[in-house]
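As a plain string of letters, each chain reads:
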Amino acid sequence: MEFFDALKARHSVRAYADTPVEAEKLVQILDMVNLAPSAGNLQAFEVYIVTRADQRSELVAAASGQDFLKQAPVVLVFCAHAARSEKKYGKRGIELYCLQDATIACTYAMLAATALGLSTVWVGAFNESEVGCIIDAPQAHRPVAMLPIGYAAEEPRIRGRRSLSDLVHRV
Ligand SMILES: Cc1cc2nc3c(=O)[nH]c(=O)nc-3n(C[C@H](O)[C@H](O)[C@H](O)COP(=O)(O)O)c2cc1C
């Protein structure tokens, strides 16, 4: 899919078919994640892949019942790894860069999945410590975004946007 077409085609999907995600597609997505920019190229993030049905059900509970997390065959959990950024950037690395690194990586995954004909929705509403336990992450890995990936079982609702004249400030 052409890049701008992928940007336009991406919409949050909250119902997924049983169809598995092909292993090659998952590898392609992860390869794209690993191209994401990061502060100082320190890649202060970690990615956890959740495919087990029981763990996906636990993620639902940790995310206020967001049921589509168990429908999607794959859920990626993006964790900020502050210590990697702290070494070079101190407080700014801890408070900002590692979060940006992790969320840019999640954005790359989201767009790569779209380009491969898959659907996603960014999930930010969850209990971090519960998710950390489910994926068995050390304390140093802070879950900041989850990304269910799968084949859509619904037509996504198209959400409007602010106008550029409201959003953009020329200075
Ligand atoms: C930081 C962030 C957190 C989000 N958290 C959730 C979430 O917990 N659950 C959910 O269903 N959607 C979540 N979303 C998806 C947004 O609701 C969605 O992107 C927005 O409504 C625009 O719709 P679109 O993605 O279809 O363009 C989140 C998106 C972002 C960027």
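The coordinates are above.
> Could you give an account of the overall build of the chain, naming the residues involved and the relevant values?
Check the secondary structure of the chain and you find seven helices and four strands. In the chain, the succession of α and β elements from N to C terminus is α-α-β-α-α-β-α-β-α-β-α. For the chain, the C-alpha radius of gyration of 16 Å lies close to 16 Å, the compact-globule estimate for 171 residues. If one aligns the C-alpha atoms of the chain with their principal axes, the spans along those axes are about 45 × 45 × 30 Å. Looking at the chain as a whole, 41% of its 171 residues qualify as buried. Counting every atom, the chain has about 9700 Å² of accessible surface; 53% of that belongs to carbon and sulfur.

> Please give an account of the environment of Ser119 that cites residues and values.
Within the secondary structure layout, Ser119 lies in strand β3 (residues 119–120). Taking C-alpha positions, Ser119 is 6.1 Å from Val13, a pair spaced 106 residues apart along the chain. Those residues in contact with Ser119 that sit more than four places away from it in its chain are Val13, Tyr16, Pro148, Ile149, Gly150 and Ala152.

> Let's hear about the packing of aromatic side chains: which residues, and what values?
Scanning the model with the defined rule gives two aromatic pairs in all. Ring plane angle 55° and centroid distance 6.0 Å describe the contact between Phe3 and Phe4, whose orientation is recorded as tilted.

Procedures and definitions
Residues numbered from 1 in each chain as written. Predicted model: local features only at pLDDT ≥ 70, side-chain atom pairs only at ≥ 80, totals over all residues. Heavy atoms only, no water. Helix = DSSP H or I, 4+ residues; strand = E, 2+ residues; numbered from the N terminus. Rg over C-alpha atoms; globule rule 2.2 N^0.38 Å. Buried < 20%, exposed > 50% of the residue type's maximum accessible area, 1.4 Å probe, protein only. Areas by Shrake-Rupley, 256 points an atom, 1.4 Å probe, with all protein chains shown as cover. Contact = heavy atoms within 4.5 Å. Phe/Tyr/Trp six-rings, centres within 6.5 Å; stacked < 30°, edge-to-face > 60°.

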